[in-house]
Amino acid sequence: MTTHGEERTALDGVRLPMLRRLVPVVALLFLAPWAAECSWGGFAGTDMLGVVIVLAPMYGGAAVLIREAARRTGGGWPMIVLLAAGFGVVQAGLVDQSLFNPDYLADTEFAELSAADRTRVPVLGISAQEAISFLGNHVALTICAPIAIVESYLSPARRLRPWLGAPGLVAVTVLYLLGSLLVFADDSGRKGFLASPGQLIGATSVVLALVVVAALPRWRRRPLPDPAAAPRPTRPGLLVLIVYLGVSMLSGWVGVAVSVIVVAALVGLLVRWAGRAGWGQRHVLASAAGALVGAAVLAYLVPPYSPASPTQALISDVIVSLLATAMLAGAYARLRRHEG
């Protein structure tokens, strides 16, 4: 999180050439689907490129549009997180409808591992445990971590600037809609399931509520920094890592309750730290790294969607670890270079 003065300075100045603006856009388009579906071991290494290309319009398009909305309005990370939650509901509730489909994982290697039925809410037709997992991962991995990583590669003057003009925004919006339609219509996307009208209306209502809250003027007002010093970046990074792994291991109603409490406490603590003097992009990147490293560790503990030999699974997990390490190391190196 940055100060209002830094944000205003970043939005001033000469408009960048189109090609330079498109580099981070393309990077975010492809990083978002990789983080969403591959970083935690969901697919074998041989399938990753295909998954990223197919899902880039939907996942990457959403990440770019959310980032542009927040940076154009000055809503910052509060708006990004709220819109990311809204995207999670759109994706899991309206597009692939995994939130409502009790058999969504039935044809995958997770079929016997899932304990979702133990936390199913009959009236809503959802599993509370899956809701936390699906929505939480969309917020942390699909949207927030990729945005934080890509922005960390940019200079402070470019980090908070809009990347696209009106034609670019229209193009990405169309790309996102077409990508979502592809997943909705494909047998391997929605898997032939269709949620009830009540479920679709309920999901849409939640999305609209999150968008309205994200658009509140309060997110564009930056209070004076707390005079207390922000912690070292390693502290929020380690905390996010521990919470991510801990929540991923929990199951059942007790796990749901603990997850809600722990995640709420984490968000509250990060918000408090972000208001302190000295909080900057290093802290943002460390928090994103905590989620991405947590996902990479989890890859060694869970199977991919499709059957794979132990050797294939291990090689894929190592690839994930190497890619995550390389991206984060590069981001930290760029930050050090920009900060002198």
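Residues numbered from 1 in each chain as written. Predicted model: local features only at pLDDT ≥ 70, side-chain atom pairs only at ≥ 80, totals over all residues. Heavy atoms only, no water.

Asker: Would you explain unusual backbone geometry in this entry?
Answerer: Negative phi characterises most residues that are not glycine, and trans characterises most peptide bonds. Phi is positive for Q97, which is not a glycine, with a value near 55°. Looking at the element boundaries, Q97 is found in the loop between α4 (76–95) and β1 (120–121). Among the residues examined, Q97 registers a relative accessible area of 1% and is labelled buried. (Helix = DSSP H or I, 4+ residues; strand = E, 2+ residues; numbered from the N terminus. Buried < 20%, exposed > 50% of the residue type's maximum accessible area, 1.4 Å probe, protein only.)

Asker: I tried to follow a nonpolar patch on the surface on my own but got confused; where do I start?
Answerer: Residues M249, V293, V297, Y300, L301, L314, V318 and L322 make up a contiguous nonpolar surface patch of roughly 720 Å² in combined accessible area. When residues of the nonpolar patch are traced back to their parent elements, those giving at least two are α11 (281–299) and α12 (310–339). Tallying contributions element by element places α12 first for the nonpolar patch, with 3 residues. Structurally, L314 can be placed in helix α12. Look at L314 and you get partly exposed, because its relative accessible area is 48%. (Patch = residues over 30% accessible without salt bridge, like charges linked within 9 Å, V, L, I, M, F, W, Y side chains within 5 Å. Areas by Shrake-Rupley, 256 points an atom, 1.4 Å probe, with all protein chains shown as cover. Salt bridge = Lys/Arg side-chain N within 4 Å of Asp/Glu carboxyl O.)

Asker: Quick question: what am I supposed to make of the pattern of salt bridges here?
Answerer: Pairs can form between side chains of opposite charge whenever their charged atoms are close. Within the structure shown, the criterion is met by 4 salt bridges. Among the ionic pairs, R72 bridges to E68, the shortest N-O distance being 3.6 Å. Of this pair, R72 and E68 are both found in helix α3 (residues 45–73), 4 residues apart, which corresponds to roughly one turn of the helix. With a closest N to O distance of 2.9 Å, R71 and E151 form a salt bridge. On the criterion of sequence distance, the pair formed by R71 in helix α3 and E151 in helix α5 (residues 128–152) is long-range, its members being 80 residues apart.

Asker: Help me understand the packing of aromatic side chains in this model?
Answerer: Ring pairs (aromatic) are described by centroid distance and by the angle formed between their planes. Under the defined criterion, the tally for this structure stands at 2 aromatic pairs. For the pair Y59 and F87, a centre-to-centre distance of 6.2 Å together with 75° between the ring planes defines the contact as edge-to-face. Of the two residues, Y59 is situated in helix α3 and F87 in helix α4; the sequence distance between them amounts to 28 residues. Assigned by exposure class, Y59 and F87 land together as buried. Three or more aromatic residues joined by ring pairs form one cluster here, namely Y59, F87 and Y176. Sitting over the ring of W163, R67 keeps its end group 3.7 Å from the ring centre. Above the ring of Y104, the side-chain terminus of K191 is found at 4.3 Å from the ring centroid. (Phe/Tyr/Trp six-rings, centres within 6.5 Å; stacked < 30°, edge-to-face > 60°. Lys NZ or Arg CZ within 6 Å of the ring centre and 35° of its normal.)

Asker: I'm lost on the confidence of the model for the protein chain in this one. Help?
Answerer: Reading fine detail from the predicted coordinates is not recommended where pLDDT is low. In this model, the protein chain carries an average pLDDT of 88, and 91% of its residues clear a pLDDT of 70 or more. Across residues 1–13 the pLDDT falls below 50, and counting only partners more than four positions away or on other chains, this stretch makes 23 contacts in the model. (pLDDT = per-residue confidence, 0-100. Contact = heavy atoms within 4.5 Å.)

Asker: What exactly am I supposed to notice about the nonpolar core here?
Answerer: Proteins that are soluble and globular tend to have nonpolar side chains buried together. Ranked by size, the top nonpolar core spans 86 residues in total, and within it W34, I80 and I143 carry the most contacts. Apart from residues lying up to four places away in sequence, I143 is in contact with A62, A63, I66, I80, A84, F87 and H138. (Core = buried A, V, L, I, M, F, W, Y, C linked by side-chain atoms within 4.5 Å.)

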